[in-house]
Each structure stands twice: as structure tokens, then as C-alpha cells.
Amino acid sequence: MSAPLLRVEDLHVWFDLAEGGELHAVQGVGLSLEPGERLGLVGESGCGKTTTALAIMGLLPPSASVSGRVLIDGTDILSGGEAAMRPHRWVDVAIVFQGAMNALNPVRTIGEQIVESLELHNRARGTAARSRTAELLEAVGIPAGRAARYPHELSGGMRQRAAIAMALSCDPRVLIADEPTTALDVMVQAQILELLDALCRDFGLALVLVTHDLPVVAQLCDRCAVMYAGEIVERGPLDLLYHSPGHPYSRMLFAASPDLAGLDEPVLSIPGAPPRLDRPIDGCPFRPRCDSAFAACVERPSLQEVAEDHAAACHLNDRVPA
Amino acid sequence: MRGIDYVLKRIGFAVVTIFVAVTINFVLFRLAPGSAVTNLSRVPHATQQLRHALEVQFGLDKSKGEQYVIYLKQLLHGNLGVSFEYEQPVSKELRIALINTLPMVTLGTLFSILIGTLTGVIAAWRRGTPVEALTVSSALGFYSMPTQWLGLMLIIIFSGVLPTGGMTNEFLLNPGFWQHLKDLASHIVLPSLTLGLVLYGEYTLIVRSAMLETLGEDYILTARAKGLKPWTIVRKHALRNAMLPITTLVALSLGYIVAGAILIEIVFSWPGIGRAVYEAVLQRDYPMLQGAFLLLTISVVICNLIADLLYFKLDPRITE
């Protein structure tokens, strides 16, 4: 069996805290992604989803220590350090950040910024790079003439399109989109999602969509991984997670999303707050907020297959079916 | 086309500022106690006639309004009046002092800007390392040293190696061009170095904090994600943005070059404009002071104008 396109194994991230101690932000995350697959990485703020995305590209600040493996076609790209990681960036994995305003350099034109990545990775130079930039901009729905514009001269949606064009410039195989539609208004959000959908189809891109917005995942992704307190608590095909969730947190998360809960059902909220990650977690991290917690939950559950291609970390699944 | 309006507006502002400053300059010295006449007629048996003759000669019999108009007219002709002390045109005295000052202060200021920017960038880039601790603490150290004390220390250290006072060797009779240049260069080292050392710390600290702020921006993360090398990121993405606030500071300090450096010029007996101002204060040489103030005002206003235009060129976001 061939190795998957992207595989993350037992990824841990600790941040050194200024006041001493460490914050265990990502606790043993494992993921795998096949070519063209679209994975939604969801969870509430602070659950470690963005940290996971940044760790895959080796972009965490020096205050973070990372362990685990990130494999592209079976080769570990994390182990060689920053210099070994650099040629993989933008070529194998590219990223689109949330709120394109600050993701683009305000004093350089969007054309210059796209040309820069083309020239850096020897895709094209000079005139060829400029005409490739024009093509890329057209592909994301920006008139090619806007290449000479500065980021502040474009609307929020246009800036996000430009950021996507830049991410596509070196034909990456995996695109990470970190909250790509946050801070955009609803109409523009829908356009950007359609664009991502079409681009993934046309370019055969594998997508990791990091978001707290479940309807966005429903619209774009076929698989979903739910993160809670730094770990993946459930992963599998999206419709399986929606219709037969294997973890109470996933069930409650879907029920808390107004667009997915159904019109006549009340929108639920999950009481309580996630556990602090700067101290060891005792038992199941979701136990204090869980409506189905029972005696076994004092033991921390691990991610187990509950059905084919569907895994969850919950003791409710331990009961052997009669 | 973007900018014509902006440039014209800025130039307009600069002209108005200079005009207002000239007016304040005029009023300031009319408010000063005494006049040229009370000073000059302080001789035994000065008669009322002498006093009056002097008043007519200096135009002091005319009203303040008339005097102001005459002052403006003479300014436009480049006439700054006559120095009480040297009995020479102020413009000539100022020109000599300025020519002496400019090379020394320019050299020191450029030194401070270059070294300050470099160490500031390095400190930000190497944040949290001993390199940062070293650059920041030495910058703070030199920044807080009294200028005259540092000058004296350099004199103690380098006396015998480098000349410690004056601009040229008085005993070098009829030097050739290269000989003269070499002589001048050796005299300029210590005063320029003193100035450069006391000024560079401020640049280090400001450049460092501007760089740190810029390096925390999202587009720096984007640049890293694109696979750019750290030094390329500093050069192409961080420095340009961080230079925006620094430009103003640099332009302003260039404006003050014509003010000379009073303390340094006194410690090193440099016959520059700072010392000329100091002596003019002691001698109550009002025309000389008035001329020096005017020169400083115009220079600061022009450098500010240049900073505005440069800022406009560097930052595409500025439209008005």
C-alpha cells in the first residue's frame, strides 16, 4: 500500500509560558490525507486546530517545542529542521490565513508578492512570472490588471482571493485554509467557499480546512476531524459524524450549530469551558461538560475505531455489542 | 495621478510654517530687553543727539510694523543684518561657521544612523539571545552618557594618537591639498565619533522596537510559509515596513545638523555654528542669534518636508 499524501503522526506541541510552565497545546494528533481529499478540522477556540495547522508547516514560534512526525509521501519533513522544511513550503503544502488584510504585505503590490513565490521556487521568472501571476489572478476571479494594486486598494473578499491565488502559485498538493472566511460578510463568504470548492476540483488539491464553523465544513469537506483540548476526539466521513456521532462532544457541537440543527429544533449550547492545557488532564478531558459521563470516564479514552473509517475517543463505544 | 496634490499641499504648508517662524523670530528679538542703541550708546557723555542718530541709523525710529516690513524685504535679499560682535554681515559669519560644522556633524549623524539601524535590526532579529542583550545594553549605555563626558574620555584615550582640538593644525604652514585634507580628516574623527556614539543608541532602540512590531505581523508569517529565508524576510518584508516610522526621525535629526553640536564643539574647540551660537548668547549678539535661529528653522522645515514626501513614496496607503 502506498503512503498517503500527507500523514501526521503523534504530533505534540508545547508552548513555554512567560510565567513558567508549559502549555500542552496539541496532544498526540494523528491525521492522514489522500490526494484530492478534503478534511475539515473543527473545534472551539483554543482547541489546538490552528496550532496543528502551523505545526504541519513548521511555522510555530521558537517558544514552541514540537514532537511527532509530518510525512509527505512517506518522507518526514519536520525532522530536518527549518532549513530542510523550507523547500517543502508552498510547493507541497501552502496555507491561506484568516483575514487576508494582514496576510499580505501592505507596501508591496499583490503581483509582486505572487511573483516573489514563483521566483523563489523557480517556477517562473521575469515576464513569464508576471504572465503566470495574471493567469492565477484570473483563476481566482481577479482581473489581471489588478496585479499592480496594493492590498489596501482591494476589498476584503478580493484580498482573500489574492491570498488564495498566491497559495496556488507553486501548484501545492495540500492547501491548508485557516478560517478562510472569518471576517468576511456572508455573501463574500459564500463566494470564497465556492471558489475553494472549484479550485480543489480543478487543481486536484487536497484541502485541510481549519474552522469553528460547521456549516462551512458541511459545504466543502467530505471528511471531518473534531478537536477538543488539543486532541482529536473523533474523525471520519462527515455524514457519519453528523448522523451517528461516536463522541458526545461531536453530537453536541452539531446540535449547537443553528444552520445544521434543523429549523424546529432548539439550538443547544455546551455548558462549561474546555480544560486548562497548562496542567495535566485527569481522565477524559470532556468529562466535566459531558451529558453522558459515567464511571469509566476517569480513565482517559484513546481514539478507537467505532466503524470502518470512523474513530472516536469515548468510553461509550467500549461496551461490546451483545 | 496620485501625489501632485499631496506634494503641493506639503510644500504650501512648509512655506507657511517658515513665514510664521520668521515672524515669531522677529517678535522674539523685539521683546528682548534693550536695543542695539542702548548697548552702543553706553559710553560716557552720550548725548541725546548721538542716541537719536544711532536710532535713525538702525531704523529704530520707525514703527514696529515698518520695521517688520523692512525685515522681510531684507530677508528676501538674503540680508540677515550685521553682527554686533564681529561687525560683519551675519550671513557671512554664519556661512563660515556652517561650513565648519556640516562635515563634522553630518559624519557623526550618518555614523549613528547606520550603526543604530544595523544594531537595531540585529537586536530584533536575534531577540532573546545574548546578542540582543549586548546590543541593547550598549545602546542604552551610550545613549545615557553625557556628551561632554564621553568627549573628555575619548580625549584621554586617544590623545597622542589623534588631534583632540581644533579643526586644523595651525602649525602646518601652506599645506598642499591632500595634506590639508588628511589634517582635517584626523581632526574630525574624535568629535564625529563622540556625536555618533551618543546618538546611535536612540536609533538602535527605535529601530529594534519598530522591527519587533513588524516581525509580529501576519504577513511575516505568510513570508515564512512561502519558504523565504529569514534574512530575505527581514530585508524584503520587515525592513521596508519598519522604516516608515524611522524615516521621520532620521529626517528630523538631519534637520538639526545645522544647529551644530554645542557641547562637542566646545569640548573639541571646533569653530562651528554651535559654538558661534553659544558665543552670541554670551555677547548678546542678537542679529547673529536671529540669523542662526532662522537657518535652523528653515532647515528643520525642509527636512520635515522631505520626510513627508519620502513617507508618501514608501507607504502606498497614504493618499492625503
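The following paragraphs examine the structure supplied in this document. (Residues numbered from 1 in each chain as written. Chains lettered and ligands numbered in written order. Predicted model: local features only at pLDDT ≥ 70, side-chain atom pairs only at ≥ 80, totals over all residues. Heavy atoms only, no water.)

**Overview of the pairing of strand 2 (residues 22-33) of chain A**
Residues and elements named next belong to chain A. Convention followed: Note on pairing: DSSP must find at least two bridges between two strands before they are called paired. A helix here means a DSSP run of H or I that spans at least four residues, while a strand means a run of E at least two residues long, and both kinds are numbered starting from the N terminus.
Note that strand 1 (residues 6-16) and strand 2 share nine bridges and pair antiparallel. Counted as the bridge partner of Leu 6 is Leu 33 from strand 2. Taking the residues between adjacent antiparallel strands as the criterion, strand 1 and strand 2 are bridged by five residues, where Gly 20 takes a positive phi near 95°.

**Description of the packing of aromatic side chains**
What describes a pair of aromatic rings is the distance from one ring centre to the other and the angle between the planes of the rings. Stated precisely, the cut-off is as follows: Within 6.5 Å between ring centres, the rings of Phe, Tyr and Trp (the latter by its six-membered ring) count as paired, and their orientation is classed by plane angle as stacked under 30 degrees, edge-to-face over 60, tilted in between. The classification of residues rests on relative accessible area computed with a 1.4 Å probe and restricted to protein chains. Under 20% of the type maximum is buried, over 50% is exposed, and intermediate values are partly exposed. Two thresholds decide whether a charge sits over a ring: the Lys NZ or Arg CZ must be within 6 Å of the ring centre and within 35 degrees of the ring normal.
The tally for this structure, following the rule as stated, stands at twelve aromatic pairs over all chains. On the basis of an interplanar angle of 55° and a centroid distance of 5.9 Å, the ring pair of B:Phe142 and B:Tyr200 is categorised as tilted. Placement of the pair is B:Phe142 in helix 6 (residues 130-144) and B:Tyr200 in helix 8 (residues 177-215), with a sequence separation of 58 residues. The class of B:Tyr200 is buried, set by a relative accessible area of 7%. Within the aromatic cluster, the residues linked to one another by ring pairs are A:Tyr228, A:Tyr249 and A:Phe286. Residue placement shows B:Arg126 over the ring face of B:Trp125; its charged tip is 4.5 Å from the ring centre.

**As for the nonpolar core**
Just so we agree on the cut-off: Side-chain atoms within 4.5 Å are what join buried Ala, Val, Leu, Ile, Met, Phe, Trp, Tyr and Cys residues into a set we call a nonpolar core. The contact criterion used is simple: two residues touch if any of their non-hydrogen atoms lie within 4.5 Å.
In terms of nonpolar packing, the biggest core is built from 102 residues, with A:Leu31, A:Ile164 and A:Ile176 touching the most fellow members. For A:Ile164, the residues in contact, after removing those within four places along its chain, are A:Val96, A:Val140, A:Ile192, A:Leu195, A:Leu196 and A:Leu199. Judged by nonpolar contacts, the second largest core, of 18 residues, contains B:Val207, B:Ile220, B:Ile246 and B:Val250.

**Here's the deal with the side chain of B:Asp183**
Residue and element names in this part refer to chain B. Convention followed: Only four residue types enter the tally: Lys and Arg on the positive side, Asp and Glu on the negative side, with His and both chain ends excluded. The working definition used for a salt bridge is a side-chain nitrogen of Lys or Arg within 4 Å of a carboxyl oxygen of Asp or Glu.
Relative to the assigned elements, Asp 183 resides in helix 8. Buried and without a salt bridge, Asp 183 has Lys 182 as its closest oppositely charged side chain, separated by 8.6 Å. Setting aside its immediate chain neighbours within four residues, Asp 183 contacts Met 167, Thr 168, Asn 169 and Leu 172.

**Some words on helix 4 (residues 64-76) of chain B**
Residue and element names in this part refer to chain B. Inclusion rule: A helix's residues, less one, multiplied by 1.5 Å, set its expected span. Of all possible arcs, the one meant is that of the directions from the helix axis to the C-beta atoms.
In this model, helix 4 (13 residues) spans 18 Å end to end at C-alpha, consistent with the 18 Å of a helix rising 1.5 Å per residue. Buried within helix 4 are the following residues: Gln 67, Tyr 68, Tyr 71 and Leu 75. Projected down its long axis, helix 4 carries its buried residues within an arc of 100°, all on one side. More than 90 degrees from the buried face of helix 4, the exposed residues found are Lys 73 and Leu 76. Against the buried residues of helix 4 lie helix 1 (4-31) and helix 13 (286-314). Positive phi shows up at Gly 78, right after helix 4, with a value of about 80°.

**Quick word on the environment of A:Cys284**
All names here are of chain A. Locating Cys 284 in the fold gives a position in the loop between helix 11 (258-261) and strand 11 (304-307). The sequence separation of Cys 284 and Ala 313 amounts to 29 residues, and the corresponding C-alpha distance is 8.8 Å. Sequence-distant contacts of Cys 284, that is, excluding residues within four places in its chain, are made with Cys 297, Glu 299, Arg 300 and Pro 301.

**What about helix 7 (residues 147-158) of chain B?**
Residue and element names in this part refer to chain B. Helix length check: helix 7, at twelve residues, gives a terminal C-alpha distance of 16 Å against a target of 16 Å (1.5 Å per residue), a fit within 8%. Every buried residue of helix 7 is accounted for by Leu 150, Gly 151, Leu 154 and Ile 155. Buried residues of helix 7 fall within an arc of 145° about the axis and therefore sit on the same side. Exposed and oriented more than 90 degrees from the buried face of helix 7 are Ile 156 and Ile 157. Against helix 6, helix 8 and helix 11 (262-267) lie the buried residues of helix 7.

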